[in-house]
Amino acid sequence: MTTLNIQEVRRTITRNKRSEYIFNIIGFLSMLIGIITLIALLFDLASDGLPRLSWQFLTSFPSRKSEEAGILSAWVGTLLVMSVTGSVAIPVGIASGIYLEEYARKNWISDLIEINVTNLAGVPSIIYGLLALGVFVYGLHLGESILTAGLTLALLVLPVVIVSTREALRAIPNSIREAAYAAGASKWQMIWDHILPYSTGTIITGIIVAMARAIGETAPLITIGALTFIAFLPEPPFTSQFPYISFSWLLAPFTVMPIQMFDWISRPQADFQVNAATAGVVLIVITLAMNSVAMYIRYRLRKTIKW
């Protein structure tokens, strides 16, 4: 290699390093702007809402008087709706992802399904509300109930769970599949005993993202008729009489935290806007609690995996 070529290579390396350094600075500044903005928003929300937070606020129903208003029906409704959403979206999404990745034939039909599932993840949430209004409310006559809300949000986050499951399964090396087959395992044994345990952490990450999106949705729930003022709780899921489980709460009217916040923030009184900020703090705490439990489960599962 001539001296001229060596100098050209060195100039190229120097130019690439400079470009990489500039890109790192831009990326770091972009991340810093996002983090500072988020911290500022959280600080503003907490400074407005924390003084109002009390046991009375958590255990009282909404009221026309701001000092007496609470979020009991809202946070109970949020937990019940999220229970239905998770019970439907998680098993159906994981099963769909397993089928599409491990069982479905690789042809134009599976490619079409994959494209549509990916596109559904970016559809505006109001479209799911209109779909649920026509199918669940008017078609299946489920009414404006907790079941309808849970199914609506399950449809909303189902593509996210499916895509994350497929990506998690796709990341597992084929050598593990081949080793399981060599040991005499069937296809389902290979998936259940080898593929799923290794991909569980990534799948749970997708579930965390999906549930975090669902808990903050408002538009589809307003579309299906969620109440903005509700001063009672649905019947409890557990009873003192046989069979000790009741499903009547599934058809009860409901409200959720984002809708309660929307109702308060739309009022002109400043005290109601303080209540909305306090409800926002509680919603963030509930979301962080859900995510923390999921991340702890993921951490425990990953500790048991040995490649």
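Here's a quick rundown of the structure. (Residues numbered from 1 in each chain as written. Predicted model: local features only at pLDDT ≥ 70, side-chain atom pairs only at ≥ 80, totals over all residues. Heavy atoms only, no water.)

### Quick word on the overall build of the protein
Definition in use: To qualify as a helix, a DSSP run of H or I must reach at least 4 residues; to qualify as a strand, a run of E must reach at least 2; elements of each kind are numbered from the N terminus. The globule rule used here is 2.2 Å times the number of residues to the 0.38 power, and the radius of gyration it is set against is calculated over C-alpha atoms. Each residue is placed in one exposure class: buried if its accessible area under a 1.4 Å probe, protein chains only, is under 20% of its type's maximum, exposed if it is over 50%, and partly exposed if it falls in between. We call two residues contacting when some pair of their heavy atoms lies within 4.5 Å. Here the open area of atoms and residues is found with the Shrake-Rupley method and a 1.4 Å probe, where only the protein chains shown may cover a residue. Charge convention: Lys and Arg are scored as positive, Asp and Glu as negative, and His as well as the terminal groups of each chain are ignored. To locate a charge, take atom NZ for lysine, CZ for arginine, CG for aspartate or CD for glutamate.
For the protein, the count of helices and strands is 11 helices and zero strands. Put simply, the protein runs from its N terminus to its C terminus through helices and strands in the order α-α-α-α-α-α-α-α-α-α-α. Scaling as 2.2 N^0.38, a compact globule of 307 residues should have a C-alpha radius of gyration of about 19 Å, whereas the protein reaches 25 Å, well beyond that. The C-alpha extent of the protein, read off along each of the three principal axes, is 85 × 50 × 40 Å. Taking all 307 residues of the protein together, 39% fall into the buried category. Long-range pairs, those at least 24 residues apart, make up 75% of the contacts in the protein with a sequence separation of at least 6. About 17800 Å² of surface is accessible on the protein, with carbon and sulfur atoms providing 68% of the total. Side-chain charges in the protein split into 21 positive and 18 negative, and the spacing between the mean points of these groups amounts to 11 Å.

### A few points about the layout of surface pockets
The method is simple in principle: a probe with the dimensions of a water molecule rolls over the atoms, and the space it marks as empty is what remains. Cut-off, in case you're wondering: Definitions used throughout: a 1 Å grid over protein atoms alone; a cavity as a set of points that fits a 1.4 Å probe which cannot get out; a pocket as an open set with protein on both sides within 12 Å along at least five of seven lines; a lining residue as one with an atom within 4 Å of a point. Grid points are joined across faces, edges and corners, and a volume is the space filled by probe spheres set on the points. Gly is put with the polar residues, along with every residue not named as nonpolar or charged; the nonpolar set is Ala, Val, Leu, Ile, Met, Phe, Trp, Tyr, Cys and Pro, and the charged set is Asp, Glu, Lys and Arg.
Approximately 330 Å³ is the volume found for the largest pocket. Lining of the largest pocket is provided by 16 residues; of these, Ile90, Ile204, Ile207, Ala294 and Ile297 occupy positions nearest its centre. Elements that contribute at least two residues to the lining of the largest pocket include exactly α3 (72–103), α8 (187–215) and α11 (270–303). Looking at which element gives the most residues to the lining of the largest pocket, the answer is α8, with seven residues. Looking at side-chain class alone, the lining of the largest pocket contains 13 nonpolar, three polar and no charged residues.

### Considerations on the packing of aromatic side chains
The condition that has to hold: Two aromatic rings, drawn from Phe, Tyr or Trp (for Trp, its six-membered ring), form a pair once their centres lie within 6.5 Å of each other, and the interplanar angle then sorts them: stacked below 30 degrees, edge-to-face above 60, tilted otherwise. The rule for a charge over a ring is simple: NZ of Lys or CZ of Arg within 6 Å of the ring centre, and within 35 degrees of the ring normal.
Across all of its chains, the model carries two aromatic pairs by this definition. Summarising the aromatic geometry, the rings of phenylalanine 57 and tryptophan 264 are spaced 6.0 Å apart at their centres and angled 40° between planes, so their arrangement reads as tilted. Taken together, the residues span a long stretch of sequence, with phenylalanine 57 in helix α2 (residues 55–58) and tryptophan 264 in helix α10 (residues 257–265) at a distance of 207 residues. With respect to class, phenylalanine 57 is no different from tryptophan 264; both count as buried. Positioned above the aromatic ring of tyrosine 103, the side-chain terminus of lysine 187 is 5.5 Å from the ring centre. Positioned above the aromatic ring of phenylalanine 272 is the side chain of arginine 267, whose terminal nitrogen or guanidinium carbon lies 4.5 Å from the ring centre.

### What to know about the nonpolar core
So the rule is basically this: The set of buried Ala, Val, Leu, Ile, Met, Phe, Trp, Tyr and Cys residues whose side-chain atoms join them within 4.5 Å is what this entry labels a nonpolar core.
Counting 60 residues, the largest nonpolar core has Ile71, Val81, Leu221, Phe254 and Trp264 as its most contacted members. Of all the secondary-structure elements, those providing two or more residues to this core are α3, α5 (125–139), α6 (146–170), α7 (174–182), α8, α10 and α11. If one sorts the elements of this core by residue count, α6 sits on top with 12 residues. Those residues in contact with valine 81 that lie beyond four places of it in its chain are Ile146, Ala149, Gly150, Leu153, Phe254 and Val256.

### Quick look at α10
Most of α10 is tucked away, with seven of its nine residues classed as buried. Met257, Pro258, Ile259, Gln260, Met261, Asp263 and Trp264 are the residues of α10 that are buried. Contacts made by the buried residues of α10 are with α2, α3, α8, α9 (219–223) and α11.

### A look at the environment of proline 124
Residue placement: proline 124 occurs in the loop between α4 (108–120) and α5. Considered as a pair, proline 124 and alanine 219 are 95 residues apart in the sequence and their alpha carbons are 9.4 Å apart.

### Considerations on the packing of α3 against α8
Note the following rule: The axes are straight lines fitted to the C-alpha atoms, using for helices just the contacting stretch, and the angles between their N-to-C directions are given from 0 to 180°. Oblique is the label for every angle not falling under 35 degrees (roughly parallel), over 145 degrees (roughly antiparallel), or within 65 to 115 degrees (roughly perpendicular). Handedness of a crossing is defined here by the sense of rotation of the near helix relative to the far one, left-handed for an anticlockwise turn of less than a right angle and right-handed for a clockwise turn.
Contact geometry for α3 and α8: axes closest at 10 Å, N-to-C directions at 140°. For the element pair α3 / α8, the angle class is oblique. The element α3 and its partner α8 pack so that their crossing is right-handed. Between α3, through Thr78, Met82, Thr85, Gly86, Ile90, Ile94, Ile98, Glu102 and Tyr103, and α8, the contact on the second element is made entirely by Lys187, Trp188, Met190, Ile191, Ile195, Leu196, Ile203, Ile207, Met211, Ala214 and Ile215. Here the residues of the contact of α3 with α8 sort into 15 nonpolar, three polar and two charged.

### Points about the environment of glutamate 68
For glutamate 68, the location among the structural elements is in the loop between α2 and α3. Separated by 32 residues in the primary sequence, glutamate 68 and leucine 100 have C-alpha atoms spaced 52 Å apart. Those residues within four positions of glutamate 68 in sequence are excluded, and the remaining contacts are Arg52, Gln56, Ser60, Phe61 and Ser63.

### Examining the side chain of threonine 148
Quick note on the threshold: Side-chain atoms alone can form a polar contact between residues adjacent in sequence; in general such a contact is a pair of N or O atoms within 3.5 Å, and within protein one must be able to donate a hydrogen while the other accepts it.
Mapped onto the elements, threonine 148 comes out in helix α6. Separated by 2.7 Å, the side chain of threonine 148 and the backbone oxygen of glycine 143 make a polar contact. One polar contact links threonine 148 to serine 145, side chain to side chain, over a distance of 3.2 Å. Excluding its chain neighbours within four sequence positions, the residues that come into contact with threonine 148 are Phe136, Val137, Leu142, Gly143 and Ile224.

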